Amino acid sequence: MSKITAAITAVGKYLPEYILSNKELETMVDTNDEWITSRTGIKERRILKEENAGASFMAIEAAKDLLQKSGVNPEEIDAVIVSTATPDMPVASTAVYTATKIGATNAFAFDLQAACSSFLYGMSVASTYIESGRYKKVLLIGSDKMSSIIDYTDRATCIIFGDGAGAVLFEPNEEGLGLQDEYLRSDGIGRDYLKIEAGGSILPPSEETVKNKQHFVHQEGRTVFKFAVSNMADVSEKILTRNNLTKDDVSWLVSHQANKRIIEATADRIGLDENKVMMNIHKYGNTTSATLPLLLNDYEKELKKGDNLIFAAFGGGFTWGAIYLKWAYNS
Ligand code: UT7
């Protein structure tokens, strides 16, 4: 019997309607379109404005989009994983609520948190479930409402992030398509440079922490930038080398969208032309767990069965890694 591999067989997405442009940010903080565009590549990002709506709202919409496009019966889904850094609530899983709302009544569900690498790590977990032979349909969703943890008076962070969600379905494949290899890393030194200090078990929320804005994301951008560039490039190069792939074998780089300059540095290191690099940071900014599945949605029509995709991500913690996946369908 041939080995079971785990392939992505369907994708879906949700983006909030509201567009926060660089021009509007100019009216909120001391910044300008030229600085944001040249330093990050971002022109606009989406913001979820609906009342009482969090990560699950977008996760549910992205999952419904996938189900509607693929015709998959939600009752056949075995597991729902929501990768997110902004769960609806600290306790009571976003994925569990999402699964129930989409009618995945036979699934177990849980959240996975690894900052901007949440979706990449989720791909590892989802595909391992499939490869084990125990599960046949695993729904992986990346959903983040970054606007809920961003200080819109802090120009160092508010220009970067946006809200959105993307979903993919993993199923068994017997043609050898799907996830081929992964190289995942983490390093706890990162928590000094990208964090939300308050609201967890070290520093529970209080009037004081709110007054000090410790419930918002704080990032030492320059340091994170340096780690992101070297580590994402390293893992991408490593996964090519150990799979005997040359740059000509790679169809697409599917990179986390944190900064256009980081994506370009990774592409440069593995010698990839611009036209093989998926990019949508200009439209959505950094949507944390949603960047990779949103890219797959935006480029789905261009993807062909057998294409070699290299995924790469870097995020808080630090967490990072690369995945080599063979695309499994023509749309
Ligand atoms: O996804 C998770 C991982 N996160 C990342 O990968 C993000 C990594 N970091 C970055 O993408 C970049 O570091 C940023 C986009 C956050 C910042 O870009 P930078 O080129 O590293 O800028 P910087 O922080 O070194 O600041 C350069 C200058 C500073 O002024 P001085 O000290 O040179 O006078 C900042 O105060 O730019 C200033 N600055 C701004 N100016 C206009 C910082 N933010 C802004 C802004 N508008 N929004």
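As shown above, the structure is provided for reference.
Throughout what follows, the structure given in this document is the object of discussion. Just so it is clear, the structure is predicted and the values come from calculations on it, not from any experiment.

### Focus on the sheet that holds strand β5 (residues 108-112)
Backbone hydrogen bonds are what pair the strands of a sheet, in a parallel or an antiparallel way.
In step 1: Reading across from one edge, β1-β7-β6-β4-β5 is the order of the 5 strands in this open sheet, with mixed pairing throughout. Edge positions in the sheet fall to β1 (5-14) and β5, since each of these pairs with one other strand and no more. For this sheet, the mean inter-axis angle between neighbouring strands, taken without regard to orientation, is 20°.
In step 2: As judged from the 5 bridges shared by strand β4 (residues 79-83) and strand β6 (residues 138-145), these two strands associate in the parallel manner. Residue pairing across strands places S83 opposite G142, the latter belonging to β6.
In step 3: Relative to β1, helix α3 (residues 55-70) is tilted by about 115°, and along the sheet it contacts β1, β4, β6 and β7 (163-173).
In step 4: Strand contacts of helix α11 (residues 291-299): β1 and β7, with the helix running at about 85° to β1, the strand carrying the most contacts.

### Observations regarding the pairing of β7
In step 1: With 10 of 11 residues buried, β7 lies mostly within the body of the structure.
In step 2: Where β1 and β7 come together, 9 bridges link them in antiparallel fashion. When the sheet's bridge partners are listed, Y14 is paired in β7 with A165.
In step 3: Bridge count between β6 and β7: 8 bridges; the pairing is antiparallel. Of the residues in β7, the one forming a bridge with I141 is A167.

### Things to note about the nonpolar core
In step 1: With 74 residues, the main nonpolar core has F170, V254, L296, L309, F311, L325 and W327 as its most contacted residues.
In step 2: Two domains each put at least three residues into this core: domain 1 (5-176) and domain 2 (179-326).
In step 3: Apart from the residues lying within four places of it in its own chain, the contact partners of F311 are L120, M123, V254, L292, L296, G321, A322, I323 and L325.
In step 4: In terms of nonpolar packing, the next biggest core, distinct from the first, is built from 24 residues, L48, A63, L67 and A99 among them.

### What to know about the pattern of salt bridges
In step 1: Within the structure shown, the criterion is met by 17 salt bridges.
In step 2: For E175, the salt bridge identified is with K305, shortest N-O distance 3.3 Å. Of the two residues, E175 is situated in the loop between β7 and β8 (178-186) and K305 in the loop between α11 and β12 (308-315); the sequence distance between them amounts to 130 residues.
In step 3: Connected through shared salt-bridge partners, K13, K283 and D298 make up one network.

What counts and how
- The residue count restarts for each chain, going from 1 along the sequence in the order it is written.
- Only residues with pLDDT of 70 or above have their local features reported here, since the model is predicted, and side-chain atom pairs are shown and tallied only from 80 upward, although totals for entire chains, interfaces and linings are computed over all residues.
- Based on all heavy atoms of the structure, the side-chain values leave hydrogens and waters out of the count.
- A pair of strands is labelled paired if DSSP reports no fewer than 2 bridges between them.
- Working definition: helices are DSSP H or I runs of at least four residues, strands are E runs of at least two. Numbering for both runs from the N terminus.
- Between the N-to-C directions of two axes lies an angle of 0 to 180 degrees, each axis being a line fitted to C-alpha atoms and, for a helix, fitted only over the stretch in contact.
- In what follows, residue pairs with any heavy atoms lying within 4.5 Å of each other are defined as contacts.
- Remark: exposure states derive from per-residue accessible area (1.4 Å probe, protein chains only) relative to the maximum for the residue type, with buried under 20%, exposed over 50%, and partly exposed in between.
- Throughout this description, the term nonpolar core refers to a set of buried Ala, Val, Leu, Ile, Met, Phe, Trp, Tyr and Cys residues connected via side-chain atoms within 4.5 Å.
- Domain start and stop positions are those given by an automatic or database domain assignment.
- Here, a salt bridge means any Lys or Arg side-chain nitrogen found within 4 Å of an Asp or Glu carboxyl oxygen.

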